[in-house]
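The chain contents come next:
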Amino acid sequence: MHVQPKKRALVENGGDGGIGPGLAAAIANGEDVGPIVRHVFESGKPEALLHHLRNIVKNKETEIEELCKLHYEEFILAVDELRGVLIDADNLKSNLTLENSRLEDISVSLLAKLEKLIELYSVKRNVAEAILTLKVCVHVTSLCLSCNCDVSEGRFYPALKTLDIIQKDYIHSIPVKALRRVISKQLPAIKLHIEKKVCGEFNDWLVYIRTTAREIGQLSIRQTATSRQRDEEMRSRQREAEEQSCTGSTAFNEYVYSLDSTEQAEDVVLDFNLSSVHRAYHVYSCLGIGEKFRDYYHQNRLMQLQLDLQVSTMQPFLESHQHFLAQVAGFFIVEDRVLRTAGGLLTEEQVESTWDTAIAKITAILEDQFTRLDTASHLLLIKDCVSLLCATLKRYGYRVDPLMNILDKSQDKYHEILLTECRKQISDILTNDSYEQMVLKKEYEYNMNVVSFNLQAMDMVPDFPYVASFSSSVPDVCRVIRSFIEDSVSYMSYGGGLFVNSYEVVKKYLDKLLIDVLNNTLLNIIHGGAFDVPQAMQIGSNISVFERACGSFFLWQAGQLCGVPKRIVERPHSGLTAKAVLKATQNVAYNKLLYLVNDKLDSIMGQMSNINWTAEEVSEHANDYMNEVLVYLDSVVTAAQQILPLEALYKVAIGALCHVSDYIMTTFLSDSLKRFNVNAVAGIDNDLKLLESFAKDRYNSTGVKKIGNEATFMDCLVEVRQLVTLLLSDQPENFINPVIRVKNYGTLDHKKVAIICDKYKDAPDRLFGSLSNRNTKQSARKKSMDVLKRRLKDMS
């Protein structure tokens, strides 16, 4: 079977081009003959190819025949064996058919029983599946019933937990499609119902909290005000204790113990309901839409805030500002509580952003309202409420610097209004004052008008009626200034405490009041008022009282109200600038007083024109004008001694005496006086002696020598005294002697002396007087005077 076939040689045509062997080799090796066929057709010799293929087929047929002849016997044997196998197969088939028929007859009864058994097993399985299905359905329906009960009774969180169990554990395993479909359809509806119910409760809470926020804010602001008052009282007691310790008081320790034992009042706890917010947020979170509720809460609260920040145009802001600011305070106290308790419903960034929005709006409202206010008490009332709002919200961590800056910016506005009000009050007081010394008949009047302003000259209570050195306008103005200090300190107290910097600010505005208002008003009265000497003297006295009060009362009052230690108030160079300004104004008032005195003296001294300058005899008495001058000067000095300081008394007296002296000198120099004689000079000498006596007596009796000034009252009369002495001298030519001139006539100007000497006539002007009364002494004086006149002309 495995013998190799013999190959025959192939006859090839000479003109086939080698196609035959190649084709045969390719077919024998099982190679692809496509390239050979393509080559033949391309070369145009398909007939040769067909011829070679026929030859190859013939050769293969010959090989097959030879192979069959070679294995013929084995093939016959194989066919015989196959026939035997077919016979055995037929016998086996017959036996199998017989056996199958027998088995079928035997298994008929068994098959009937098996079918019955299978049917029973199917029923059992169906019953078990039905029981399991019923159990699942009963459990699911019980869960649905429990969820319905929870929803109807408002227990939304257990209802949502039940829905979550149904949805996660049972919805896909409910065997009854109808029930599964119904439950699947109802689950979203129930969740939506719960969402609406919770949202409705939250909306009710929004209405409730908006009406409650004002009460919350008012209560919290009252707590802040109470706490601030308690702190101020504590600081006041501490300052008093410190002052007692500095003075070495034995009661200091007991006072300290009383401070330690002081009971602090407990703050009332702010109680308001946030359960609706917490439940709504929790339910929304369980529904997986917590972000939706956060946005809903934030948007609704922002809308409420916008409504709260609207200022009513139907009501003045002065009447509505407390409710307005309390509403804002309540809003942000609620927001702070929600931030701390609602578990992420609000973020700090949201609260800060909301607060920034609110504070920008509040700032704009306050700036606008402050520009409209023209009454200091109204501005102070609003400022107090704003400062309490700042202190209240600062406790909750809110940034209140912009509001504090508004109060700082309105500081000047407030004080300008306050200054305007005080200017009108002070102007009315000073204008309507009669400038007469104030008479106090009772002790309570003395305490109210003198002691309360520290204006008393002595510690003991005086006898009544008591005549004060000032007029009624002084205590009235002091009351206005005290009220100004209190109002200024009240405005500066918005920081919750007062320190040195607040004291400096109050002192600055106090200086402004004293300088720009009080001092300027006094100057206007001095320069523009029509009053007499007593009134001018009283104005000067009043100014001196104001000047002393700058340190003894005004500054002390500001320091005490600001809580500044006494050592700071009394430290060097810490006084009021107004003290020096009032001192200068006091000098202006004294100059005005002196002007009025001198004006009156001019009217009296004008009687010198009635003097007989060429009298034949020397008068034994002083001229009438001098008597009036002395009476007037005595009244002025006496009145000034009662109410003016010694410096002012000295200034007025020495000014008046100098004026009298200058008037006499001016009279001698006047062109209206053409000539005078020795008798007239002797009369002036008598006048001058009385004046000198008055000056010496008043200088000693008034106590002005205690001041320590170098010039005395007598020094004012030196020039006119030296002139009279020169004119009465027997040797007037000694004036030319430098030594005598410096010693006896040092104040006289030689030019003035020359003018006066030209008018001097030695003999009285009477008929034939030059012939009958001339004597040796007069002749010598005349010669000496002539020599003086010539020498003075030479000097000129």
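Quick notes on the rules
Every residue gets a number counted from 1 within its own chain, in the order that chain's sequence is written. Side-chain atom pairs in this predicted model are given and counted only at pLDDT of 80 or more, local residue features only at pLDDT of at least 70, and totals for whole chains, interfaces and linings cover all residues. Water and hydrogen atoms were dropped before computing side-chain values, which therefore reflect all heavy atoms in the structure. Both site types are read off a 1 Å grid over the protein atoms alone. A 1.4 Å probe that fits but cannot get out defines a cavity, while an open set with protein on both sides within 12 Å along at least five of seven lines defines a pocket; lining residues have an atom within 4 Å of a point. Grid points are joined across faces, edges and corners, and a volume is the space filled by probe spheres set on the points. A run of H or I in DSSP counts as a helix once it spans at least four residues, and a run of E counts as a strand once it spans at least two, with each numbered from the N terminus. Under the grouping applied here, Gly and all other residues not named as nonpolar or charged are polar, the nonpolar ones being Ala, Val, Leu, Ile, Met, Phe, Trp, Tyr, Cys and Pro and the charged ones Asp, Glu, Lys and Arg. Take the residue count of a helix, subtract one, and multiply by 1.5 Å to get its expected span. Here's how the labels work: a residue is buried when its accessible area is under 20% of the maximum for its type, exposed when over 50%, partly exposed in between, all with a 1.4 Å probe on protein chains only. Arc definition: it is the arc formed by the directions from the helix axis to the C-beta atoms. Every axis corresponds to a line fitted to the C-alpha atoms, with the helix fit spanning only the stretch in contact, and the corresponding angles, defined between N-to-C directions, vary from 0 to 180 degrees. In this scheme, roughly parallel covers angles under 35 degrees and roughly antiparallel covers those over 145, while 65 to 115 is roughly perpendicular and the rest are oblique. In what follows, a contact means two residues having at least one pair of non-hydrogen atoms within 4.5 Å. The salt bridge definition used is simple: a Lys or Arg side-chain nitrogen within 4 Å of an Asp or Glu carboxyl oxygen. The disulfide criterion is simple: two cysteine sulfur atoms within 2.5 Å.

**Focus: empty space enclosed by the protein**
Line of reasoning, step 1. The full count for this structure, using the stated rule, is two cavities of 30 Å³ or more.
Line of reasoning, step 2. Reported here for the second largest cavity is a volume of approximately 40 Å³.
Line of reasoning, step 3. As for the second largest cavity, its lining consists of Leu633, Val637, Ala653, Ala656, Leu657, Phe694, Arg698 and Phe713.
Line of reasoning, step 4. Contributing elements (two or more residues each) for the lining of the second largest cavity: helix H20 (624-643), helix H21 (646-669) and helix H22 (678-701).
Line of reasoning, step 5. The leading source of residues in the lining of the second largest cavity is H21, at three residues.
Line of reasoning, step 6. Residue classes in the lining of the second largest cavity are distributed as seven nonpolar, no polar and one charged.

**Thoughts on helix H8 (residues 275-286)**
Because each turn of an α-helix spans 3.6 residues, side chains separated by three or four positions in sequence point in the same direction.
Line of reasoning, step 1. Taking 1.5 Å of rise per residue, the twelve residues of H8 would be expected to cover 16 Å, and the 16 Å separating its terminal C-alpha atoms lies within 8% of that figure.
Line of reasoning, step 2. Buried residues of H8: Ser276, Val277, Ala280, Tyr281, Val283 and Tyr284, and no others. What you see down the axis of H8 is that its buried residues fit within an arc of 165 degrees, all on one side.
Line of reasoning, step 3. Backbone geometry just downstream of H8 places Gly288 in the positive-phi region, at approximately 80 degrees.

**Looking at the packing of helix H11 (residues 348-372) against helix H13 (residues 401-432)**
Line of reasoning, step 1. Their axes nearest at 10 Å, the elements H11 and H13 cross at an angle of 10 degrees. Judged on the interaxial angle alone, H13 and H11 are roughly parallel. Two secondary-structure elements touch here, H11 through Trp355, Ile359, Ile362, Thr363, Leu366, Glu367, Phe370 and Thr371 and H13 through Pro402, Leu403, Ile406, Leu407, Lys409, Ser410 and Lys413.

**Let's talk about the pattern of salt bridges**
Line of reasoning, step 1. Scanning the model with the defined rule gives 22 salt bridges in all.
Line of reasoning, step 2. Note that Arg294 is salt-bridged to Glu291, the shortest N-O span being 2.4 Å. Taken as a pair, Arg294 and Glu291 lie in helix H9 (residues 290-308) at a separation of three residues, close to a single helical turn.
Line of reasoning, step 3. Judged by relative accessible area, Arg294 falls into the partly exposed class, the value being 21%.
Line of reasoning, step 4. Two residues, Glu719 and Lys752, come together in a salt bridge whose shortest N-O distance is 3.8 Å. With Glu719 in helix H23 (residues 718-728) and Lys752 in helix H25 (residues 750-759), this residue pair connects regions lying 33 residues apart in the sequence.
Line of reasoning, step 5. Salt bridges here are not isolated pairs; linked through shared partners, they connect Asp685, Lys689, Glu692 and Arg721.

**Examining the state of the cysteines**
Line of reasoning, step 1. Within the structure shown, the criterion is met by zero disulfides.
Line of reasoning, step 2. Cys550 forms no disulfide, and the closest cysteine sulfur to it belongs to Cys478, at a distance of 9.4 Å.
Line of reasoning, step 3. For Cys550, a relative accessible area of 1% corresponds to the buried category.

**Side note on unusual backbone geometry**
Line of reasoning, step 1. One non-glycine residue, Tyr435, adopts positive backbone phi at about 55 degrees.
Line of reasoning, step 2. Topologically, Tyr435 is positioned in the loop between H13 and strand E1 (439-440).
Line of reasoning, step 3. Residue classification places Tyr435 among the buried positions, given a relative accessible area of 9%.

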